[in-house]
Amino acid sequence: MDTLILYIAVVILFGISLVKDRGKTKKAFLKGIKALEGIMPQFITVLILIAIMLAVFNAETISRFLGASTGWIGVAIAAGIGAITLIPGFVAFPLAGELLRNGAGVMQIATFVSSLMMVGLITLPMEISYFGKRTAIARNLFAFLFSIVAATFVTWAVGL
Amino acid sequence: MKFLNILNRYRAAIVALLGLIAFMFAFPDLAPKAGTSLADQVKTMLLVIPPIFLLLGLLDVWVPGKP
């Protein structure tokens, strides 16, 4: 259903664009296709790795470590994994959905996603070179704490 | 040369794929699960992602502001 809306939006917007400017529309189309091809290598790799991971860790294992009943320990594990790993957003969200379907808890997964997006231990050296040590470390630290706050909020919102 | 370039770009994906095949041979009992999981994900992604990138292309062309 959501997908259908997406396709309808594409058709309508491209239609409008085509009426307004043929050249620009063609350029937009080619840009989109090119960007799509650009992410493919990374994307396919991650999909395969997720498939292996989900085969190894069954729903039981996932819910044991990240399930709703794990509480704050599960949240801490999720925040830790999220802080270290480096996964692009377009892969992280489907992965999070898959984990949820396989027994992970909402709060744990929300923590995982937000610390994944905001905290980057691997990219920290690069961040330091841009923002300086103090700012970079403070930003990551606050982001780490905030990811848990955000997760609390998400859990509340999901429970509504 | 062009073929080699493509091969180089997809290097990691090819390694991962070989890893998956090795994994499926090593653990035949887990193979169907890995296979269906991958197929499911690929199906979903191929359906959802192309329109998003087309919309991004439109956004890029029509919304000014990038230096």
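Above this note sits the structure.
Anyway, here's the lowdown on the structure attached to this text. Remember, predicted model here, so these are calculated numbers, not experimental data.

### A few points about the overall build of chain B
Within chain B one finds 3 helices and 0 strands. Ordered by position from N to C terminus, the α and β elements of chain B give α-α-α. A buried classification covers 13% of the 67 residues belonging to chain B.

### Digging into helix α3 (residues 59-66) of chain A
Within the span of α3(A), buried status applies to A:Ile62, A:Ser63 and A:Leu66. Mapping the buried residues of α3(A) onto a view down its axis gives an arc of 95°, with all of them on the same face.

### Details of the packing of helix α4 (residues 71-84) of chain A against helix α6 (residues 106-118) of chain A
Residues and elements named next belong to chain A. Closest axis-to-axis distance for the α4/α6 pair is 7 Å, and the angle between their directions is 25°. Classified by the interaxial angle, the pair formed by α4 and α6 is roughly parallel. The hand of the α4/α6 crossing is right-handed. Together, Gly74, Val75, Ala78, Ala79, Ile81, Gly82 and Ala83 of α4 and Met107, Gln108, Ile109, Thr111, Phe112, Val113, Ser115 and Leu116 of α6 make up the contact between the two elements.

### Overview of the interface of chain A and chain B
Chain A puts 29 residues into the contact, and the matching count from chain B is 32 residues. Counting only elements with at least two residues in the side of chain A that touches chain B, the list comes to α1 (2-20) and α2 (22-56) of chain A. For the side of chain A that touches chain B, the leading source of residues is α2(A), giving 20 residues. Residues that form the side of chain A that touches chain B fall into these classes: 22 nonpolar, 4 polar and 3 charged.

### Observations regarding the nonpolar core
A:Ala51 and A:Ile109 are the most contacted members of the largest nonpolar core, which has 28 residues in total. Mapped onto this core, the elements with two or more residues apiece are α2, α3, α4, α5 (89-101) and α6 of chain A together with α3 (31-62) of chain B. Shared between two domains, this core takes at least three residues from each, and those domains are domain 1 (1-56) and domain 2 (58-160) of chain A. Setting aside residues no more than four positions away along its own chain, A:Ala51 makes contact with B:Leu20, B:Ala34, B:Ser37, B:Leu38 and B:Gln41. Counting 5 residues, the second largest nonpolar core, distinct from the first, contains A:Ala28, B:Phe53, B:Leu54 and B:Val61.

So, how was this worked out
- Residues numbered from 1 in each chain as written.
- Chains lettered and ligands numbered in written order.
- Predicted model: local features only at pLDDT ≥ 70, side-chain atom pairs only at ≥ 80, totals over all residues.
- Helix = DSSP H or I, 4+ residues; strand = E, 2+ residues; numbered from the N terminus.
- Buried ≥ 20, exposed ≤ 12 C-beta atoms within 10 Å, placed from the backbone.
- Arc of directions from axis to C-beta.
- Axes fitted to C-alpha atoms, helices over the stretch in contact; angles between N-to-C directions.
- Parallel < 35°, antiparallel > 145°, perpendicular 65-115°, else oblique.
- Left-handed = near helix turned anticlockwise from the far one by under 90°.
- Contact = placed C-beta atoms within 7 Å.
- Nonpolar A, V, L, I, M, F, W, Y, C, P; charged D, E, K, R; others polar.
- Core = buried A, V, L, I, M, F, W, Y, C linked by C-beta atoms within 7 Å.
- Domains from an automatic or database assignment.

Keep in mind these values describe shape, not function.
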